[in-house]
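# Coordinate inspection notes
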Protein chains: 2
Amino acid sequence: MARPRSFDESQVLEGAVAMFREQGYEGTSVPDLTAKLGICRQSLYKTFGDKHGLYLKVLENWGQQEVDANLELLAAPGSPLENVRTLIRGFAAMATTCPNEGCLTVTAMVETRADAEALAIVEGHVDSLEQGFRMALEKAREEGELRSDARPDRLARSLTTAVYGMGVLTRLPGSGPRIADAVSVMLETLEAATPHPGR
Amino acid sequence: MARPRSFDESQVLEGAVAMFREQGYEGTSVPDLTAKLGICRQSLYKTFGDKHGLYLKVLENWGQQEVDANLELLAAPGSPLENVRTLIRGFAAMATTCPNEGCLTVTAMVETRADAEALAIVEGHVDSLEQGFRMALEKAREEGELRSDARPDRLARSLTTAVYGMGVLTRLPGSGPRIADAVSVMLETLEAATPHPGR
DNA sequence: GCGGTTACAGAACGAACGTTCTATCATGAC
DNA sequence: GTCATGATAGAACGTTCGTTCTGTAACCGC
């Protein structure tokens, strides 16, 4: 009954994620978006309301994809402590292999300090990661992978802080060694909380 | 021989630091600057070249004030390990008491990913902090405050990463507990590297 | 095939940006 | 007091931003 749209909404969202990630919100103009996403201005406004609406949608989409994938990894069957280690190593690998595409969450935290809606979404992402760490570490303690006097909540908050530190230092070329050592110390801190630390 | 200028250059720089810190580079317009700094447009361009020149000057000024103050603190006489602890606690206090004025270095890393000049200055700041940590920790090891098998370089890089993690999470309201726990774990990690960890 | 509906393409809007230009004003040397 | 000099104040430049408007093109049900 009408002309079909010549773009795929989820593909547009994916492309927008990449652009906002690399260039930030202010740094990505509407002409930029329409040119690289294969969607015309009118359709963009019809579909997402305006640029800010698209940005919020992108942040939510990021949460449903990246963040939820991390949570699934942390809650995966097997050793919860090993899941934590795997995720941390994964973050470090991402930070060192793709230094130019920084973490969308980090960009959003810094750029949108006056954007309450965006901040709320981003805060949800950070909280989710922290809770994911905490639950995995609690499970690890219950299963005897961590000592009974370990503090999963404190460890989780510390890991979260360190992970976002890696996320922001990714922006600096030559931070590879810094990030690698940060990961080493994180893993050692976890090791020190196991029942038999040391060899 | 001519009309004297009605502004103080160092005061203008200080004010500009505050504005760039809170609002970022893009988020601070030239009319904003002239209105709040008490300097007219013409004088701003005459003195600093252009907005970008002012920004670079601000970054350098930040380095000479904040960064050098931190380095002095780390190299202060007395216990080098205690100096490290004091600096970390100071960062945490800053992050929790002044959450709205984020770290200028963090803002610059995220915002100016395509600005090579700014990035170079900022990289210098990060490297300086890391080296400051490393030298203090090496001195601590030499003086017996840390075990001989401690790794000052790794610890320094890890601390640096954690500190900038705190810097970016400052942007999120309600990160107080997260930052506090991150500091606790950092201090525990240092404690674990002392000759007699535990009580 | 035809009509109605929706997407597309591009021109055009006002506002804000960084920057430059012009004119006025305040001072020090003589 | 007069003049040269440099700072100040504000209008004005072109560009780019996000957004809206106008017309054209493409599809579906009948």
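This write-up is about the structure you can find in this document. (Residues numbered from 1 in each chain as written. Chains lettered and ligands numbered in written order. Predicted model: local features only at pLDDT ≥ 70, side-chain atom pairs only at ≥ 80, totals over all residues. Heavy atoms only, no water.)

This part is about the pattern of salt bridges. Any two side chains of opposite charge can pair, so long as their charged atoms come close to each other. For the coordinates displayed, the defined rule picks out 18 salt bridges over all chains. Among the salt bridges present, the one from Arg134(A) reaches Glu138(A), with a minimum N-O distance of 3.0 Å. On the criterion of helical spacing, the pair formed by Arg134(A) and Glu138(A) is a turn pair, its members being 4 residues apart in helix α7 (residues 116–142). Using a relative accessible area of 25% as the deciding quantity, one classes Arg134(A) as partly exposed. The salt bridge partner of Glu82(B) is Arg89(B), with a shortest N-O separation of 3.6 Å. Take Glu82(B): its relative accessible area is 32%, and that puts it in the partly exposed class. Residue class for Arg89(B) comes out partly exposed when judged on its relative accessible area of 41%. Several salt bridges converge on common partners, so that one network encompasses Asp127(A), Glu130(A), Arg157(A), Arg178(B) and Asp181(B). (Salt bridge = Lys/Arg side-chain N within 4 Å of Asp/Glu carboxyl O. Helix = DSSP H or I, 4+ residues; strand = E, 2+ residues; numbered from the N terminus. Buried < 20%, exposed > 50% of the residue type's maximum accessible area, 1.4 Å probe, protein only.)

Moving on: the environment of Glu26(B). Residue and element names in this part refer to chain B. By the secondary structure assignment, Glu26 is in the loop between α1 (9–23) and α2 (30–37). The class of Glu26 is exposed, set by a relative accessible area of 56%. In this structure, Glu26 is in contact with Lys51 and Glu111, ignoring residues within four places of it in sequence. (Contact = heavy atoms within 4.5 Å.)

With that settled, the discussion passes to the relation of the copies chain A and chain B. Mapping chain A onto chain B calls for a rotation angle of 180° and an axial translation of 0.0 Å; the resulting RMSD is 0.0 Å. Read as a symmetry element, the transformation amounts to a two-fold axis. The rotation axis passes nearest to the C-alpha of Gly165(A) in chain A, at a distance of 1.7 Å. The overlap is high: 100% of the interface residues of chain A also sit at the interface in chain B, so the same surface is used on both sides. (Least-squares fit on C-alpha atoms with pLDDT ≥ 70 in both.)

The next subject is the packing of helix α4 (residues 51–74) of chain A against α7(A). Residues and elements named next belong to chain A. For the pair α4 and α7, interaxial distance at closest approach is 10 Å and the crossing angle is 0°. On the basis of their axis angle, the class for α4 and α7 is roughly parallel. Every residue of α7 that contacts α4 at His52, Tyr55, Leu56, Leu59, Glu60, Trp62, Gly63, Val67, Leu71 and Leu74 is listed here: Glu117, Ala118, Ile121, Val122, His125, Ser128, Leu129, Gly132, Phe133 and Ala136. Among the residues making up the contact of α4 with α7, the classes are represented as 13 nonpolar, 5 polar and 2 charged. (Axes fitted to C-alpha atoms, helices over the stretch in contact; angles between N-to-C directions. Parallel < 35°, antiparallel > 145°, perpendicular 65-115°, else oblique. Nonpolar A, V, L, I, M, F, W, Y, C, P; charged D, E, K, R; others polar.)

Another point: the interface of chain A and chain B. With 37 residues of chain A at the interface, the matching set in chain B holds 37 residues. Between Arg157(A) and Asp181(B) there is a salt bridge, with the nearest N and O atoms lying 2.4 Å from each other. Counting every contact that joins chain A to chain B gives 12 residue pairs in polar contact (both at pLDDT 80 or more). Only α1 (9–23), α6 (104–111), α7, α8 (152–169) and α9 (176–192) of chain A provide two or more residues apiece to the side of chain A that touches chain B. The greatest single-element share of the side of chain A that touches chain B, amounting to 12 residues, is contributed by α8(A). Across the side of chain A that touches chain B, the residue classes break down as 16 nonpolar, 9 polar and 12 charged. (Polar contact = N/O pair within 3.5 Å; in protein donor to acceptor, adjacent residues only side chain to side chain.)

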